[in-house]
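Coordinate analysis (summary)
Given next are the chains, with one letter for each unit.
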Amino acid sequence: MTHRTRRSRRLFGAGLTAGVLITGVAAAAPAAAATPTVSCTSARAGLAAKLKKDITAALVNRKGTVAVGLYDRTTGTTCTLRASTAYDSASVVKVTVLSALLWDAQKTGRALTSREKTLATAMITKSDNASTSTLWKQLGPTRIKNFLTAAKMTQTKPGANNYWGLTQITVTDEQKLLKLLTAKNTVLTDASRAYVNTLMGQVVSAQRWGTPYGRPAGVSWHVKNGWLSRATHGWRVHSVGTFKGGGHDYVITVLTHGNSTMNYGITTIQGVAKVIHKDLAAS
């Protein structure tokens, strides 16, 4: 990782809530989690067993607590690990914020204003915190909760007092949202889905780590990452992504906490992503 990349990550501060959060980095190294039990099913012979084996192997020596979700629409493949474990969202919640904004606008048939588009672009492509806070406050708790209800994201609990980065999220709900963004549905219009995907495909280069890592050439990607350090559980480092190509149409969520550093969490996520992309490409 270059010095410039490190600096870019600090500048974009994706994990923090508008500069209002932050407690210290945990000083102690996190304890190693128990060997995870990954559950996979697939309509394609042999794929579930291969993914279970390889995701487990990718995590066996990693410290911290990791949750994983994979869904491949093409092969009917699903993998989960700690699917209902709650994590502080950090900046992955920004996809939910944008989706809620579009959903709310749909109800009155209006397009986003130029101001809203400017805020949304900064929020997703650069993970700008001030833009997120503005949109979060504009929506307010009722509209956000109404969107979560419409999306059936029943495990997601919005952060209180405008601390959007402390929204509680799970793999189950993040996967629900990614599925809404990648197929026709009654919650988000095709235009709304296209808008979110466009911005997630324009994330600045310093923030393209995580779930896109190891994807085959020709597979399109859309990503949103988040990172946040607090006194408990060390670094939270998360990545959600959607991918299409090579005969597959899939979404990946990896949520982590208990990381000693941000880079440690990134390495964990990328280890999982690499084997998922490899196994799907070979199937």
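Okay, so let's go over this structure. Only a predicted model underlies this, so the values are computations on that prediction, with no experimental measurement involved.

1. A look at the overall build of the chain
Along the backbone of the chain there are eight helices and eight strands. Going through the 283 residues of the chain one by one, you find that 53% of them count as buried. The long-range share in the chain, meaning contacts at least 24 apart out of those at least 6 apart in sequence, stands at 70%.

2. Focus: the environment of Ser 260
Of note, Ser 260 is situated in the loop between β8 (248–259) and α8 (262–282). Ser 260 sits 196 residues away from Gly 64 along the chain, and the two C-alpha atoms are 8.3 Å apart.

3. Considerations on helix α7 (residues 190–200)
Residues Ser 192, Arg 193, Tyr 195, Val 196, Asn 197, Leu 199 and Met 200 constitute the buried set of α7. Where α7 is buried, its residues touch α3 (93–107), α4 (114–125), α6 (171–181), β6 (220–229) and β7 (235–245).

4. A short note on the state of the cysteines
Scanning the model with the defined rule gives one disulfide in all. Residue Cys 40 pairs covalently with Cys 79 via a disulfide, S to S 2.1 Å. What sets the handedness of the Cys 40 and Cys 79 disulfide is the S-S torsion sign, and at about 115° it is right-handed. Linking Cys 40 in strand β1 (residues 39–41) with Cys 79 in strand β3 (residues 77–81), this pair joins segments that are 39 residues apart in sequence.

5. Remarks on the pattern of salt bridges
Enumeration according to the criterion identifies eleven salt bridges in this entry. Between Arg 230 and Asp 88 there is a salt bridge, and its shortest N-O distance comes to 3.2 Å. You can see Arg 230 sitting in the loop between β6 and β7 and its partner Asp 88 sitting in strand β4 (residues 87–88), a full 142 residues away along the chain. Among the residues examined, Arg 230 registers a relative accessible area of 22% and is labelled partly exposed. Accessibility expressed as a relative area gives 10% for Asp 88, which makes it buried. For Arg 236, the salt bridge identified is with Asp 88, shortest N-O distance 2.9 Å. In this pair, Arg 236 sits in strand β7 while Asp 88 sits in strand β4, placing the two residues 148 residues apart along the sequence. Side by side, Arg 236 and Asp 88 carry an identical accessibility label, which is buried.

6. Side note on the pairing of strand β2 (residues 65–72)
Along β2, six of the eight residues are buried, which leaves the element largely enclosed by surrounding structure. Note: β2 against β8, eight bridges, orientation antiparallel. Looking across to β8, one finds that Tyr 71 is bridged to Val 251. Judged from the five bridges that link them, β2 and β3 form a sheet pairing that is antiparallel. Directly across from Gly 69, in β3, lies its bridge partner Thr 80. Between β2 and β3, which pair antiparallel in sequence order, lie four residues; one of them, Gly 76, sits at a positive phi of approximately 60°.

Conventions adopted
Residues numbered from 1 in each chain as written. Predicted model: local features only at pLDDT ≥ 70, side-chain atom pairs only at ≥ 80, totals over all residues. Heavy atoms only, no water. Helix = DSSP H or I, 4+ residues; strand = E, 2+ residues; numbered from the N terminus. Buried < 20%, exposed > 50% of the residue type's maximum accessible area, 1.4 Å probe, protein only. Contact = heavy atoms within 4.5 Å. Disulfide = S-S within 2.5 Å. Salt bridge = Lys/Arg side-chain N within 4 Å of Asp/Glu carboxyl O. Pairing = 2+ DSSP bridges.

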